[in-house]
Amino acid sequence: MLKKYLKEKHISIKEISDNTGIAYSTVNYIVNHRTPIEKCTCETLYKIAQYLNISMDRLYEMNRQYTLQDFEIFKSEVAHSIKSKSQIGFLLEVLQSDIIERYWTENHRIQALYLLSMVDYLSRINHVPLCTKYDELRKARIEPMIVPLSGKLISAVLGKDAYDYSDCIPEFLAHGIIEGDIFNVC
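Reading the values: rules and limits
- Residues numbered from 1 in each chain as written.
- Predicted model: local features only at pLDDT ≥ 70, side-chain atom pairs only at ≥ 80, totals over all residues.
- Heavy atoms only, no water.
- pLDDT = per-residue confidence, 0-100.
- Contact = heavy atoms within 4.5 Å.
- Helix = DSSP H or I, 4+ residues; strand = E, 2+ residues; numbered from the N terminus.
- Polar contact = N/O pair within 3.5 Å; in protein donor to acceptor, adjacent residues only side chain to side chain.
- Core = buried A, V, L, I, M, F, W, Y, C linked by side-chain atoms within 4.5 Å.
- Buried < 20%, exposed > 50% of the residue type's maximum accessible area, 1.4 Å probe, protein only.
- Axes fitted to C-alpha atoms, helices over the stretch in contact; angles between N-to-C directions.
- Parallel < 35°, antiparallel > 145°, perpendicular 65-115°, else oblique.
- Left-handed = near helix turned anticlockwise from the far one by under 90°.
- Nonpolar A, V, L, I, M, F, W, Y, C, P; charged D, E, K, R; others polar.

A closer look at the confidence of the model for the protein chain
Then comes step 1: Confidence along the protein chain averages 86 in pLDDT terms, with 87% of residues attaining 70 or more.
Then comes step 2: This model gives residues 152-159 a pLDDT under 50, and the stretch forms 8 contacts once residues within four places in sequence are excluded.

Describing the side chain of N63
Then comes step 1: With respect to the element layout, N63 can be found in helix α5 (residues 56-63).
Then comes step 2: Side-chain polar atoms of N63 contact the backbone oxygen of I30, separated by 2.6 Å.
Then comes step 3: Excluding residues within four positions of it along the chain, N63 makes contact with L2, I30, V31, H33 and I37.

Things to note about the nonpolar core
Then comes step 1: I100, Y114, M118 and I182 are the most contacted members of the largest nonpolar core, which has 27 residues in total.
Then comes step 2: Elements with a minimum of two residues in this core: α6 (68-85), α7 (87-96), α8 (99-105) and α9 (109-125).
Then comes step 3: Residue contributions to this core peak at 9 residues, all from α9.
Then comes step 4: If we skip the residues at most four places from it in the chain, I182 touches A79, I82, Y114, M118, Y121, L122, I169 and F172.
Then comes step 5: One finds L2, L6, I30 and M62 within the second-largest nonpolar core, a separate group that totals 19 residues.

Brief notes about the packing of helix α2 (residues 13-20) against helix α3 (residues 24-31)
Then comes step 1: Two elements in contact, α2 and α3, have axes whose closest approach is 9 Å; the angle formed by their N-to-C orientations is 130°. By the angle between their directions, the pair α2 and α3 is classed as oblique. Crossing angle aside, the handedness with which α2 passes α3 is right-handed. Residues I13, K14, I16 and S17 of α2 lie in contact with α3, whose contacting residues are Y24, V27, N28 and V31.
Then comes step 2: Across the contact of α2 with α3, the residue classes tally to 5 nonpolar, 2 polar and 1 charged.

Side note on the environment of F74
Then comes step 1: Here F74 shows up in helix α6.
Then comes step 2: Between the C-alpha atoms of F74 and L115, which are 41 residues apart in sequence, the distance is 10.0 Å.
Then comes step 3: Apart from residues lying up to four places away in sequence, F74 is in contact with Y103, Q111, Y114 and L115.

Now the structure itself:
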């Protein structure tokens, strides 16, 4: 999250405004999520990114607000990545990168826990020992539980607690994420 990043780097909104020529109110609205980052001009994003010495993509991702639809797209991209790289190839790629930590520190906790759940699940079914670097993160849980859009539709039609949790993958359920067959992708 951009606000956290600025705090860690001891950079104020006023400092950004003064050094970029962007109105204080504009920077303030961006940092405090009053103006969605998607509505900002490229020029504004460029100036802020240049001042912070980060890419425009990183600035965008740091301040973007994710929706449930975005999460469904994220899950689909993960499933397709597994399909194209193989389970072990995906495991190696994720474990050799810092993507889980980056999602976590940038406050994209759902994505971080989803990837960790996937890593743990793929490790279990492929008889690969768990990566101990995530032991602390394994204690985290999303509240309220993340139910896929299909589960929300089932619950809306059949009743509030109609979703069947018995087919859920335990590694996901431990983090408050409902996930079933991850291999059923087109």
